[in-house]
Structures are given as C-alpha cells and as structure tokens.
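So you can see what is in the structure, the chains are spelled out below.
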Amino acid sequence: MRIGSRLITVMSAIALVSGGVAVANASTPSARTVRYSACLNVKSKTLSQVSINKTSKCAAHFKLISWNAQGPTGATGLQGATGATGPQGATGATGPQGATGATGPQGASGATGSTGPQGVPGPAGTVLGFAEFYALMPGDNSATVAPGTAVSFPQSGPNDGSGTIVRTGPSTFKLVTVGTYEVTFQVSVVEAGQLGLVLNNTLLPYSIVGRATGTSQLVGETLVTTTAANSTLEVQNPAGNATALTITPLAGGTQPVGASLVIKRLQ
C-alpha cells in the first residue's frame with residue numbers, strides 16, 4: 001500500500017530498523033497528541049494498514065509499529081472566573097500580652113469635698129494638782145535679781161489643796177510627788193536678760209527664755225519631770241550672766257505689776 005499524503009510529515013520523523021521498531025515522539029502535557037499505528041513490510045520497508053488513535057491489524061509477515069505525532073501548543077485559554085470565597089477559618093490562639101504602656105499624665109485635681117461632721121469630744125484632760133504663786137511690784141522684789149539668784153513669788157494664789165505643790169520660801173517651791181509638771185512663769189524686767197528653771201539646784205537648759213532688747217515680758221512654759229520626792233524648784237537669773245535684773249514696777253500704768261508662777265502636776 002502506498003502511504004497517503006496525510007502521513008508525509010509523519011514519515012520524515014520515522015527511523016526504520018531491521019526487525020521492526022516502534023517509533024514515538026515525546027509529547028508534553030500541554031500539547032495535543034495523535035497516536036499512529038501501521039504494518040511494516042520488513043523486506044520492502046513499506047507501510048500498510050496505517051491507523052490513527054487505534055491499533056492496526058497486521059498479517060503474519062508484517063511487523064506492527066506505532067508512533068505519536070504532537071501538534072503545536074495551543075494558545076492559552078481565558079482565565080476562569082474567580083471562585084467563591086471559602087468559609088472563614090477558625091479563630092487563632094490568643095497572642096502573648098503586650099508590654100505595659102507608659103504612664104499617662106496626672107489628671108486634674110478633683111473638687112474639694114464637703115467638711116465632715118465634727119467628731120466626738122475627747123475626754124477632758126486630767127490635772128492632778130495645781131498651785132499659783134505671784135509677786136506684785138512695787139513692794140515685792142524691790143532689789144535687783146543678781147545672776148545665780150531666784151525671783152521671789154512671795155504671795156500665794158489658788159491651789160488644789162492637796163499639798164503636793166507647796167512653797168518652802170519666797171522663791172523656792174517643793175514638788176512633793178514624783179511625776180511630770182507643767183511650769184509657766186512670766187516676769188517683767190527692765191534690762192535685756194534671761195530667766196530659767198532650776199530643779200534641785202540644777203539649771204534646766206531647755207527652760208531658759210530671754211530677750212536682747214525691748215520691753216516685753218520674759219515668759220516661759222516648760223514640762224518638768226521629777227525622779228525624787230520633795231524636789232525643789234526656782235525661777236533664776238542664770239549664774240554666769242553679767243546683768244542683774246530689775247523687776248519692773250508700775251509697768252505701763254499706775255497699778256502694781258504682777259509676776260506669776262503656775263505649777264500643774266499632770267501625772
């Protein structure tokens with residue numbers, strides 16, 4: 001059989017070998033592949049029974065051969081439509097906590113609240129004993145008070161009557177019971193100077209009051225704690241000072257001026 005014209009292009013790619021050989025061209029997934037089969041006359045090297053995409057039936061003295069013919073790659077097709085959006089995936093695990101942010105600016109101050117109700121009054125303070133001693137000038141303290149000597153308070157004022165604070169002389173007073181006492185004194189003097197408390201013949205440095213100039217009174221207020229019964233107390237012009245003090249008579253008017261000493265036992 002003579003090979004038809006539709007196989008001319010294919011035949012140029014066939015290599016015939018003795019004994020019969022199946023010849024095939026490689027194809028690619030993107031190309032359209034056509035499969036040929038035929039019967040080869042080994043002696044005359046001619047083909048017969050050429051078939052496309054099916055197997056030829058050959059006589060006993062023919063050799064069945066087959067091969068592929070690949071056409072050119074076709075043009076790229078149009079892009080398909082976008083598929084539908086898939087379902088939302090499951091929520092992922094919570095991430096780690098972020099770092100603490102910087103402290104913000106301080107806010108404005110709030111309005112002042114209303115005043116609360118008055119509290120319950122506390123218990124009254126306890127005074128275990130008291131006594132006042134005083135002097136009137138002119139009359140008392142007519143002489144100056146030299147350094148190292150005491151101011152006289154020769155007259156007695158009110159007292160609690162317990163006998164725990166008593167005088168032993170014009171300028172010396174006895175604190176009978178061991179305890180803590182509040183001692184207040186005020187004296188008008190002419191000169192610049194100082195006064196202080198002497199307990200059991202010892203000056204109490206923290207009790208000293210004074211003035212450098214002017215005409216104001218010398219006023220002292222001190223807590224004194226005794227460690228022995230019947231301790232003595234005086235108001236002195238401290239030893240070592242250079243000036244004797246004149247207790248002012250008739251200061252500021254025509255009436256005698258008082259100098260006072262008040263002693264209270266607190267415990």
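Presented here is a report on the structure given in the accompanying data block. (Residues numbered from 1 in each chain as written. Predicted model: local features only at pLDDT ≥ 70, side-chain atom pairs only at ≥ 80, totals over all residues. Heavy atoms only, no water.)

Topic: the overall build of the protein
1) Next: Scanning the protein from N- to C-terminus turns up one helix and 14 strands.
2) Next: For the protein, with 267 residues in total, the buried portion stands at 31%.
3) Next: Residue pairs in contact within the protein that sit at least 24 positions apart in sequence constitute 67% of those at least 6 positions apart.
4) Next: Summed over its atoms, the accessible surface of the protein is roughly 16900 Å², and 54% of this surface lies on carbon and sulfur atoms. (Helix = DSSP H or I, 4+ residues; strand = E, 2+ residues; numbered from the N terminus. Buried < 20%, exposed > 50% of the residue type's maximum accessible area, 1.4 Å probe, protein only. Contact = heavy atoms within 4.5 Å. Areas by Shrake-Rupley, 256 points an atom, 1.4 Å probe, with all protein chains shown as cover.)

A short note on the pairing of strand β4 (residues 129-137)
1) Next: Of the two faces of β4, the one lined by G129, A131, F133, A135 and M137 is fully buried and the one lined by F130, E132, Y134 and L136 carries no buried residue.
2) Next: Pairing geometry for β4 and strand β14 (residues 257-265), over nine bridges, is antiparallel. When the sheet's bridge partners are listed, G129 is paired in β14 with R265.
3) Next: One ladder, built from three bridges, connects β4 with strand β5 (residues 155-159); its direction is antiparallel. In the strand pairing of β5, F133 is matched with S156. (Pairing = 2+ DSSP bridges.)

Brief notes about the state of the cysteines
1) Next: For the structure on display, the rule yields one disulfide.
2) Next: Each disulfide pairs two cysteine sulfurs, and for C39 the partner residue is C58, the sulfurs being separated by 1.8 Å. With the S-S dihedral at roughly -95°, the linkage between C39 and C58 falls on the left-handed side. Residue C39 is located in strand β1 (residues 33-41), and its partner C58 is located in the loop between β2 (46-52) and β3 (62-70); the two are separated by 19 residues in the primary sequence.
3) Next: Residue classification places C39 among the buried positions, given a relative accessible area of 1%.
4) Next: Looking at C58, the relative accessible area reads 26%, which means it is partly exposed. (Disulfide = S-S within 2.5 Å.)

A closer look at the pairing of strand β9 (residues 193-199)
1) Next: The element β9 is largely enclosed, with a buried count of six among its seven residues.
2) Next: In this structure, β9 lies alongside strand β11 (residues 209-211), joined through three bridges in antiparallel fashion. Its bridge partner lying in β11, Q194 is registered against G210.
3) Next: Sheet analysis places β9 next to strand β13 (residues 231-236), joined by four bridges and oriented antiparallel. Across the sheet, residue L197 finds its bridge partner in β13, namely V235.

What to know about the sheet that holds strand β8 (residues 180-187)
Strands pair in a sheet through their backbones, by hydrogen bonds, and they do so in one of two ways: parallel or antiparallel.
1) Next: Taken in spatial order, the five strands of this open sheet run β5-β4-β14-β8-β12, and their pairing is antiparallel. Lying at the two open borders of the sheet, with one neighbouring strand each, are β5 and β12 (218-225). Between one strand axis and the next, the sheet turns through 15° on average, direction left out of account.
2) Next: Pairing analysis gives eight bridges linking β8 to β12, with the strands arranged antiparallel. Across the sheet, the residue bridging to V183 is T222, located in β12. (Axes fitted to C-alpha atoms, helices over the stretch in contact; angles between N-to-C directions.)

What about the sheet that holds β2?
1) Next: Reading across from one edge, β2-β1-β3 is the order of the three strands in this open sheet, with antiparallel pairing throughout. Sheet topology places β2 and β3 at the edges, where each strand pairs with a single neighbour. For this sheet, the mean angle separating the axes of adjacent strands, direction not counted, is 25°.
2) Next: As paired elements, β1 and β3 share nine bridges and run antiparallel to each other. Across the sheet, the residue bridging to C39 is L64, located in β3.

Thoughts on the packing of aromatic side chains
1) Next: Enumeration over the complete set of coordinates arrives at three aromatic pairs.
2) Next: Ring geometry for Y36 against W67: centres 5.6 Å apart, planes inclined by 10°, an arrangement best described as stacked. Of this pair, Y36 sits in strand β1 while W67 sits in strand β3; the two residues are 31 residues apart in sequence, bridging distant segments of the chain. Of the two residues, Y36 and W67, both sit in the buried class.
3) Next: An angle of 35° between the planes, with centres 4.5 Å apart, marks the rings of F133 and F173 as tilted. With F133 in strand β4 and F173 in strand β7 (residues 173-175), the pair connects residues that are 40 residues apart, well separated along the chain. (Phe/Tyr/Trp six-rings, centres within 6.5 Å; stacked < 30°, edge-to-face > 60°.)

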